[in-house]
Amino acid sequence: MFGYVTICEPELKVKDLKKYKAYYCGLCRALKEEYGFVGQMTLTYDMTFAIILLSSLYENVADMEMHRCKVHPVRKQMMLRNEITSYAAAMNVLLAYYHMDDDWHDDRKVTSLMTKSMLQGKAGKIIEKYPRQSRAIREALLELAACEEAGSTDIDRTAGCFGKLMEELFLYREDVWEKELRRMGFFLGKFIYLMDAYEDLPEDLRKDSYNPLKKIYGEPEYEERIRQILCMMIAESTAEFERLPCLADVDILRNILYDGVWNRYNKIQMKKSEEQKQ
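The following paragraphs examine the structure supplied in this document. (Residues numbered from 1 in each chain as written. Predicted model: local features only at pLDDT ≥ 70, side-chain atom pairs only at ≥ 80, totals over all residues. Heavy atoms only, no water.)

**Describing the overall build of the protein**
Stage number 1. Counting secondary structure elements, the protein contains eleven helices and two strands.
Stage number 2. Relative to the 2.2 N^0.38 estimate, which gives 19 Å for 278 residues, the radius of gyration of the protein is 19 Å and therefore close to what a compact globule would have.
Stage number 3. Over its C-alpha atoms, taken along the principal directions, the protein stretches across nearly 55 × 45 × 40 Å.
Stage number 4. For the protein, buried positions account for 51% of its 278 residues. (Helix = DSSP H or I, 4+ residues; strand = E, 2+ residues; numbered from the N terminus. Rg over C-alpha atoms; globule rule 2.2 N^0.38 Å. Buried < 20%, exposed > 50% of the residue type's maximum accessible area, 1.4 Å probe, protein only.)

Here it is as structure tokens:
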């Protein structure tokens, strides 16, 4: 359900692309150092966005480091890290842990059980340090599981579960910016959930798996309705973003929110267009 909140590379300046990659590599490094190889496996672009957003909002300057890694063993890569990087790394691991736990209980996937077991000790420490975020993730996934079990087609409710989860992750500090960060995270979370459901629908129909969009799939204006809903969700999120006093890296943040989040949607449309031609 992650991987939608990323950059639109062709529209990004070279210096901004270099900086974005440095934040991403910094998160990867933090995951390795703080949680080992299994922590590194939880790496997502979505948390990179959270790092850049929160670092800009709180004017938290990142330290530059140069390191080699398995992906780049010859040439050292620039990495940017600060205290928010460590927070994002913890949230990455926590999300992965609860996701694996959910997969094990739902589908009895052995790989999920193994990954969950490897993360358990590390996740336990994160849960103690971040009880609010941990509780929000657990409750959101439980509610989503209840929706799935009931076969709910209430799009607002199901997407709202993931929205509640994301709003807690975006809330790094409970301060004057709480309202804006919560609403921004909430609507971005709903966008992510609905994009994931939209992308998975063809496979879910084939496998007869749960998907809240099944009910409206057969409607004549299905595609247009989905696009309108997605536009509404991201519009609400970006409106809250524009209320935040973010100055540093604002071009990267706007690139992601106004263009990057549509990458997968555009690929889906291109694929559908090619299939229709054939």
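**Thoughts on helix 5 (residues 131-150)**
Stage number 1. For helix 5, with 20 residues, the first-to-last C-alpha span of 28 Å sits near the 28 Å given by 1.5 Å per residue.
Stage number 2. Within the span of helix 5, buried status applies to R132, Q133, S134, A136, I137, A140, L141, L144 and C147.
Stage number 3. G151 sits one or two residues past helix 5 and shows a positive phi near 70°. (Expected span 1.5 Å × (residues − 1).)

**What to know about the packing of helix 2 (residues 45-57) against helix 10 (residues 250-258)**
Stage number 1. The interhelical angle for the contact between helix 2 and helix 10, taken along N-to-C directions, is 135°, at an axis separation of 10 Å. Of the possible angle classes, the one that applies to helix 2 and helix 10 is oblique. For the crossing formed where helix 2 meets helix 10, the hand is left-handed. Packed against helix 2, whose contacting residues are F49, I52, L53 and S56, the element helix 10 presents I252, L253, I256 and L257 at the interface. (Axes fitted to C-alpha atoms, helices over the stretch in contact; angles between N-to-C directions. Parallel < 35°, antiparallel > 145°, perpendicular 65-115°, else oblique. Left-handed = near helix turned anticlockwise from the far one by under 90°. Contact = heavy atoms within 4.5 Å.)

**A short note on helix 7 (residues 178-207)**
Stage number 1. In a regular helix each residue adds 1.5 Å, so 30 residues correspond to 44 Å; helix 7 covers 41 Å between its end C-alpha atoms and thus fits that length.
Stage number 2. Of all bends in helix 7, the biggest is about 55°, found at L201, and the proline P202 comes one to four residues later.
Stage number 3. One or two steps after helix 7, the chain reaches D208, where phi turns positive at roughly 60°. (Bend = angle between axes of the 7 residues up to and from the residue.)

**Quick notes on the nonpolar core**
Stage number 1. Ranked by size, the top nonpolar core spans 87 residues in total, and within it F49, L53, M91, L194 and L213 carry the most contacts.
Stage number 2. The element best represented in this core is helix 7, accounting for 13 residues.
Stage number 3. Once residues lying within four places of it in the same chain are set aside, the contact partners of L213 are I155, L194, A197, Y198, L201, Y222 and I226. (Core = buried A, V, L, I, M, F, W, Y, C linked by side-chain atoms within 4.5 Å.)

**Describing the packing of aromatic side chains**
Stage number 1. For the coordinates displayed, the defined rule picks out twelve aromatic pairs.
Stage number 2. Ring geometry for Y87 and Y130: centres 5.3 Å apart, planes at 75°, overall edge-to-face. Of this pair, Y87 sits in helix 3 (residues 83-107) while Y130 sits in the loop between helix 4 (110-129) and helix 5, and the two are 43 residues apart along the sequence.
Stage number 3. According to the relative accessible area criterion, Y130 is buried, its value standing at 15%.
Stage number 4. Consider the rings of Y198 and Y222, whose centres lie 6.3 Å apart with planes at 40°: the pair is tilted. Of this pair, Y198 sits in helix 7 while Y222 sits in helix 9 (residues 222-241), placing them 24 residues apart in sequence. (Phe/Tyr/Trp six-rings, centres within 6.5 Å; stacked < 30°, edge-to-face > 60°.)

**Details of the environment of F187**
Stage number 1. Mapping F187 onto the fold places it in helix 7.
Stage number 2. In sequence terms F187 and Q77 are 110 residues apart; their C-alpha atoms lie 34 Å from each other.
Stage number 3. When sequence neighbours within four positions are dropped, the list of residues in contact with F187 reads M233, E236 and S237.

**Concerning the environment of E275**
Stage number 1. Topologically, E275 is positioned in helix 11 (residues 263-277).
Stage number 2. E275 gets classed as partly exposed once you look at its relative accessible area, which sits at 47%.
Stage number 3. Here the alpha-carbon distance between E275 and L194, two residues 81 residues apart in the chain, equals 23 Å.

**As for the pattern of salt bridges**
Stage number 1. Counted under the stated rule, the structure contains 22 salt bridges.
Stage number 2. For the salt bridge of R157 with E143, the shortest nitrogen-to-oxygen distance reads 3.6 Å. On the criterion of sequence distance, the pair formed by R157 in helix 6 (residues 155-170) and E143 in helix 5 is long-range, its members being 14 residues apart.
Stage number 3. E143 gets classed as partly exposed once you look at its relative accessible area, which sits at 25%. (Salt bridge = Lys/Arg side-chain N within 4 Å of Asp/Glu carboxyl O.)

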